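Summary of the model geometry
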Amino acid sequence: MTADQTLSFRQKFLAKLTASSNGINLLLALGIGGATGTGVLAFRWSIDRIHDLFFENLDDWFGSSRWLWTILVPLVGGLIVGAMRWYWQDFGPNVSSMLDATRSGRSLQPARGIVKTLAAAVSLGTGASLGPEGPSVEIGANFGVLLAQALRVSQERQRRLLGAGAAAGVAAGFNSPIAGVFFALEVVMDNTTASASVSVVVLSAVISSFLAQIGLGSQPAFKLPAYEVRSVAELPLYIGLGILTSLLSYSSMQAIQWSRDFFKGKIPGLAVVGRIPNWLSPGIGGLAVGLVALKYPQVLGIGYETIEAMLQDVGFSLFLVLSLVLIKMIMTAISLGSGLVGGIFAPSMFLGACMGTAYAKGLVLLFPILDGVIADPPAYAMVGMATMLASNARAPLTAILLMFELTRDYRIVLPLMACVGLSIWLVDRLQGKNKVSSSGSLERMGLSIQSNERTAMLEQLLVGEVMQKKWLTLPADLSLVDGTQQLVDLELRSAIVVDGSGLACGIITLDDLNRALAAPALQPQTIQSICTKPILYAYKEETVAMALGRMGGRDLHQLPVVESDRPGEILGMFCRSNIDNACIVAIARQRLAPEILAVAASGISPEGSS
C-alpha cells in the first residue's frame with residue numbers, strides 16, 4: 001500500500017469514526033468505567049483510612065475520656081472541610097452544574113472535582129451523618145464530562161458520557177450494575193438521549209462494577225436475609241408502610257431545606273446565624289453530630305453497620321428505632337445544611353430501614369395476633385429502605401431494581417412495587433400542596449437536571465415555533481479552512497452542505513471542523529468528507545419532543561426543518577440551543593395569561609391607567 005493510499009485510508013477511517021457516535025462513545029465508556037471504578041475505590045479507601053486514623057488510632061490518647069474524642073472528631077472534620085471551603089471558595093460541580101456545562105460549552109476544572117471528593121472523604125471519615133453514593137455518582141459524572149471535553153466531542157455526546165459516568169458511580173458504590181444503568185436512564189438522562197445511550201451506560205456500569213468487585217469484594221453492599229412471604233393478606237400492611245415512608249420522606253426533605261435556610265440566616269428571627277462565616281458552619285455541624293453521638297452512636301458516619309444490624313434483626317427496641325428515625329433525619333439535615341459533603345442515599349436507606357423495622361414491631365405490639373403470621377421486621381426493613389430511597393431520589397425503578405439485585409429474590413418485588421408507587425404518589429401530592437417542585441428533593445441532592453414543567457412544555461411546543469429561519473449553505477467541495485472561516489464570521493454553529501446541483505447532502509458543524517482541524521496529519525480536503533449524512537429532517541408541525549427523540553438517536557445537535565408534504569423545501573433549522581429559551585418564554589407566557597385576563601376583567605390597563 002502506497003503512502004497516498006495509507007493516508008486516504010486513515011482519512012476515511014477518521015471521517016467514519018467522527019461521524020459514528022457508537023464507535024467513539026463505546027471507546028470512551030471503557031475509559032469512563034475504568035476511571036470511575038478506580039476513583040470510587042480510592043474514595044472508599046480514603047474514607048476508611050481517615051476513619052481508622054481518628055477512631056481507631058488517635059482515640060487511644062484519651063483513655064477513659066474517649067467520650068470527649070467522640071465529640072472532637074466530627075468537630076475537627078468539620079473545621080477541616082470549612083478550611084477547604086475557605087481556601088477554594090467553591091467545591092467541585094454537582095451533576096446539575098455539569099449538565100449545564102455541557103449545554104453552555106463551559107469547561108470544568110478537574111481540580112475542583114478532586115477537592116470535593118477529598119472534602120467528602122474527610123466529612124464521612126470523621127463521622128458526618130451522610131453517605132458516599134452521591135459523591136460516587138459525581139466522581140463518575142465528572143470523569144465522563146472531563147474526558148468528553150478533553151476530546152472535544154459534541155454536547156450530545158458529553159451528556160451521554162455524563163450519564164455513563166453516573167451509572168458507573170452507582171454500580172461501583174452498590175456493586176449493582178443494573179441499578180446503576182437504570183439510575184442514569186431514569187434520573188440523569190432525559191428522554192431525548194436515553195434511547196441512544198443504553199450501550200454506553202451499560203458498558204461503563206459493568207466495567208466500574210467489575211473493578212469495584214476486585215477492590216471491595218464480590219458481595220453486595222448489604223447482606224440481606226432471605227425474604228419471606230407468609231400471607232397474601234400482608235400486602236395491605238405494606239401499603240401502610242408506604243404511607244408512613246412517604247410522610248417520612250417529605251419530612252426529611254423539608255428538614256434539609258430548613259437546615260440550609262437556617263445556616264444561611266433565612267429563618268425568621270434567626271438571621272444572626274447567617275453572619276457566621278461559611279468556613280465555620282461545617283465545624284458547627286460536626287460538633288452537633290458529635291454531641292448527639294454520645295447518646296446515639298449509630299448516627300455517626302455512613303451507617304451501614306446499623307442498617308446491616310436491622311436487616312439481621314439483632315433486637316433493637318421499638319423506642320430506640322423510633323428515636324433513630326427522628327435523630328438521624330435531624331443529623332443528616334444539619335450535616336448537609338452546615339456544608340459538610342456527602343450524599344443522602346445511605347441516610348435515606350438508614351431511615352427506611354428504621355421505619356420498616358419500627359412498623360413491623362409496632363404491628364405486633366398493637367396486634368399480638370399477627371406475631372408469627374406476618375414477615376419478620378427485616379422484611380419490612382428491606383422494603384422501607386427501597387421505598388425511602390425511591391421517594392427521596394425520585395427514582396422508583398432504580399430503587400426496585402437495586403433491592404431486587406441485592407436480594408436476588410423475585411418475591412419481594414410485589415410488595416416493593418406497591419410501597420414505592422404509593423409513596424411516590426403521596427410525596428408528589430404533599431409537595432404540590434406546599435408548592436414545592438417535584439424535583440426539589442433531587443435538586444437538594446445536587447442530582448436533579450431537568451424539571452417536569454420543561455418536559456411537559458417540550459410535548460406542547462411545535463418545531464415551527466422554535467426553528468431558526470436563517471441558515472447557511474456551503475458547497476460540498478469547500479475546504480475545511482474556508483468552511484470554518486464562514487461559520488466563525490457569521491457566528492453560526494452549523495451549515496447545510498449542498499452538492500453541485502444545489503441539493504442538500506449533509507450537515508457540517510463547528511464541532512466537526514474543530515476535530516478535523518485538530519488532526520492536521522489526517523485532515524480531509526473538503527467539508528463533504530466529514531459532514532454528517534444522510535440528513536434527518538424535523539417537521540414543522542411535529543412537537544419539539546418528537547424531534548429531540550429523533551436527534552438523540554443519531555447524536556445530532558440540529559436538523560433542517562421541512563413540511564411533511566414538501567420534504568425537499570427547507571424552511572429553517574431546528575437547534576438544541578434554542579429550546580431552553582423557547583421553553584422559558586412559553587412558560588412565562590402561560591403564567592402571564594391569567595394575570596392579563598384578570599387585568600382585562602377589572603377594566604384596568606396594564607400600565608395602571610383606567
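That block above? That's the structure.
To start, this report covers the structure provided alongside it.

How each quantity is defined
- Residues numbered from 1 in each chain as written.
- Predicted model: local features only at pLDDT ≥ 70, side-chain atom pairs only at ≥ 80, totals over all residues.
- Heavy atoms only, no water.
- Helix = DSSP H or I, 4+ residues; strand = E, 2+ residues; numbered from the N terminus.
- Buried < 20%, exposed > 50% of the residue type's maximum accessible area, 1.4 Å probe, protein only.
- Pairing = 2+ DSSP bridges.
- Phe/Tyr/Trp six-rings, centres within 6.5 Å; stacked < 30°, edge-to-face > 60°.
- Lys NZ or Arg CZ within 6 Å of the ring centre and 35° of its normal.
- Axes fitted to C-alpha atoms, helices over the stretch in contact; angles between N-to-C directions.
- Parallel < 35°, antiparallel > 145°, perpendicular 65-115°, else oblique.
- Left-handed = near helix turned anticlockwise from the far one by under 90°.
- Contact = heavy atoms within 4.5 Å.
- Core = buried A, V, L, I, M, F, W, Y, C linked by side-chain atoms within 4.5 Å.
- Salt bridge = Lys/Arg side-chain N within 4 Å of Asp/Glu carboxyl O.

Moving on to the overall build of the chain. A count of helices and strands for the chain gives 25 helices and 6 strands. The proportion of buried residues among the 610 residues of the chain is 53%.

With that settled, the discussion passes to the sheet that holds strand β5 (residues 558–562). Sheets are built from strands that pair by backbone hydrogen bonding, the pairs being arranged parallel or antiparallel. Taken in spatial order, the 3 strands line up as β4-β5-β6 in an open sheet, and their pairing is mixed. The open sheet is flanked by β4 (538–539) and β6 (572–575), the only strands paired with a single partner.

What follows covers the packing of aromatic side chains. With the rule as written, the count across this model stands at 6 aromatic pairs. A centroid spacing of 5.2 Å and a plane angle of 85 degrees characterise the contact between F262 and F263, whose relative ring orientation is edge-to-face. Under the relative-accessibility criterion, F263 is labelled buried at 10%. Linked through ring pairs, Y238, Y359 and Y380 together constitute an aromatic cluster. The side chain of K328 reaches across the aromatic face of F350, ending 4.8 Å from its centre.

Glancing now at the packing of helix α8 (residues 177–188) against helix α10 (residues 198–216). Closest axis-to-axis distance for the α8/α10 pair is 9 Å, and the angle between their directions is 140 degrees. Taken together, the axes of α8 and α10 lie oblique to each other. Crossing hand, α8 versus α10: right-handed. Across from P177, V181, A184 and L185 in α8, the residues of α10 making contact are V198, V201, V202, A205 and S209.

Now for the environment of I496. Position of I496 among the secondary structure elements: in strand β2 (residues 494–498). Between the alpha carbons of I496 and T509 there is a distance of 8.9 Å; along the sequence they are 13 residues apart. Leaving out residues up to four positions away in the same chain, I496 has contacts with W471, L472, T473, L474, A504, G506, P560, I570 and M573.

Turning to the nonpolar core, a few remarks are in order. If you look at the biggest cluster of nonpolar residues, it comprises 98 residues, and the most contacted ones within it are F183, I307 and Y380. L474, A495, V497 and I530 belong to the second-largest nonpolar core, a separate cluster that totals 14 residues.

A word on the sheet that holds strand β3 (residues 504–509). An order of β1-β2-β3 is seen for the 3 strands of this open sheet, with the pairing classed as mixed. One side of each edge strand has no neighbouring strand; the edge strands of this open sheet are β1 (473–475) and β3. Strand after strand, the sheet turns through a mean of 35 degrees between neighbouring axes, direction not considered. Relative to β2, β1 is paired through 3 bridges, and the arrangement is parallel.

A few words on the pattern of salt bridges. Enumeration according to the criterion identifies 2 salt bridges in this entry. A salt bridge links D52 to R49, with the shortest nitrogen-to-oxygen separation between them at 2.9 Å. You can see D52 and its partner R49 sitting in helix α2 (residues 21–57), 3 residues apart, about one turn around the helix. Among the residues examined, D52 registers a relative accessible area of 27% and is labelled partly exposed.

Nothing here speaks to function; it is geometry throughout.
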